[in-house]
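Here's the letter readout for the chains.
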Amino acid sequence: MQHARRLIVQALGALVVLGPARALAAWNKGAFEAKSAIDAMRALGIGNTEDSKEIQIRAPEIAENGAVVPIDITSNIPGTTSISVFIEKNPFPYTGTFDFSQGAVPYVHLRVKMGESSPVRVVVAAGGKHYTTAQEVKVTIGGCGG
Amino acid sequence: MAEPMKIRATLQGDVADVRVLMAHPMETGLRKDAAGKLVPLHFIQTITAQLNGKTVFSADVSQAVSRNPVFAFKVKGAKAGDKLSITWQDNQGDKRTDEIVIRAGS
């Protein structure tokens, strides 16, 4: 009983984090400080992911300057509520989550720093499920150190 | 106080194509200054965009976002005269909000 109650509380907590009320939720320190994409996903409550061709990542195949790598992400999955980005070989892979509500189109453009060549992994949340795809970006000059 | 953002919204039918440029150093905490000392972590953590007071787009981001961040997103159902405001907040407690009015055919 106690355990069940705790589960419910945890589930509610997860809803608060993942729901449209994110603006009120805390910045997920645990996920942002994780040193691997898997650990970051675990901290975000992303469990099973399904590969999807309905997510488009537009990023350069070869980025000459790792300090500014432009990435465009579009999700064609109906009911997309958020897009999360993980740069797998960065010191802290979790780069961010973008939430869409009230008519926002599930598209985002951002520019990121990449320390070295790495897959850029995108996880889309839609209808309570997570979908993923990745694209390799080769970096000739890293952008994380000085 | 941080410098103002540059926000541009272009209406294409009922979809507003929004681009925003924020002035921010986005220090990773890994970079050294000229004297060889590490520059402390200083980066934008949260971004919220509201159309007429309703949140349409929000983000939590890390220090891996490039210096002077640029983001673009699209909002369906926008029209001329709508107010678009964008707020960011960084890890040192600094924040900034800027607002524009979406114009027809701009």
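Residues numbered from 1 in each chain as written. Chains lettered and ligands numbered in written order. Predicted model: local features only at pLDDT ≥ 70, side-chain atom pairs only at ≥ 80, totals over all residues.

**Focus on the overall build of chain B**
A tally of regular secondary structure across chain B gives 0 helices and 7 strands. Moving toward the C terminus, one meets the helices and strands of chain B in the order β-β-β-β-β-β-β. Taken over the C-alpha atoms alone, chain B extends approximately 50 × 20 × 20 Å along its principal axes. A buried classification covers 37% of the 106 residues belonging to chain B. (Helix = DSSP H or I, 4+ residues; strand = E, 2+ residues; numbered from the N terminus. Buried ≥ 20, exposed ≤ 12 C-beta atoms within 10 Å, placed from the backbone.)

**Some words on the sheet that holds strand β7 (residues 104-112) of chain A**
Spatial ordering of the open sheet is given by β2(A)-β4(A)-β7(A)-β5(B)-β2(B)-β1(B), a layout of 6 strands whose pairing is antiparallel. In the strand order of this sheet, the two ends are held by β2 (55-58) of chain A together with β1 (6-12) of chain B, each with one partner. If you compare each strand with its neighbour and ignore which way they point, the axes differ by 15° on average. Pairing of β7(A) with strand β5 (residues 70-76) of chain B, which is carried by 3 bridges, proceeds in the antiparallel orientation. Bridge pairing in β5(B) links A:A104 to B:V75. (Pairing = 2+ DSSP bridges. Axes fitted to C-alpha atoms, helices over the stretch in contact; angles between N-to-C directions.)

**A few points about the interface of chain B and chain A**
Taken together, the contacts link 30 residues of chain B with 32 residues of chain A. Among the secondary structure elements, those contributing two or more residues to the side of chain B that touches chain A are β3 (44-51), β4 (54-61) and β5 of chain B. It is β4(B) that contributes the most residues to the side of chain B that touches chain A, 8 residues altogether. Classifying every residue of the side of chain B that touches chain A by side-chain character gives 15 nonpolar, 9 polar and 6 charged. (Contact = placed C-beta atoms within 7 Å. Nonpolar A, V, L, I, M, F, W, Y, C, P; charged D, E, K, R; others polar.)

**Quick word on the nonpolar core**
Among the nonpolar cores identified, the biggest contains 61 residues, and A:A40, A:V108, A:V112, A:V122, B:I44, B:F73 and B:V75 are the most heavily contacted of them. Not counting residues up to four positions away in its chain, the partners in contact with B:F73 are A:A104, A:Y107, A:V108, B:V18 and B:F57. (Core = buried A, V, L, I, M, F, W, Y, C linked by C-beta atoms within 7 Å.)

**Notes on the environment of A:A31**
Residue and element names in this part refer to chain A. Within the secondary structure, A31 is located in helix α2 (residues 29-32). The class for A31 is buried, based on 25 C-beta atoms found within 10 Å. For the pair formed by A31 and E116, sequence separation is 85 residues and the distance between their alpha carbons is 21 Å. For A31, the contacting residues outside a window of four places in its chain are A40, A43, L44 and Y94.

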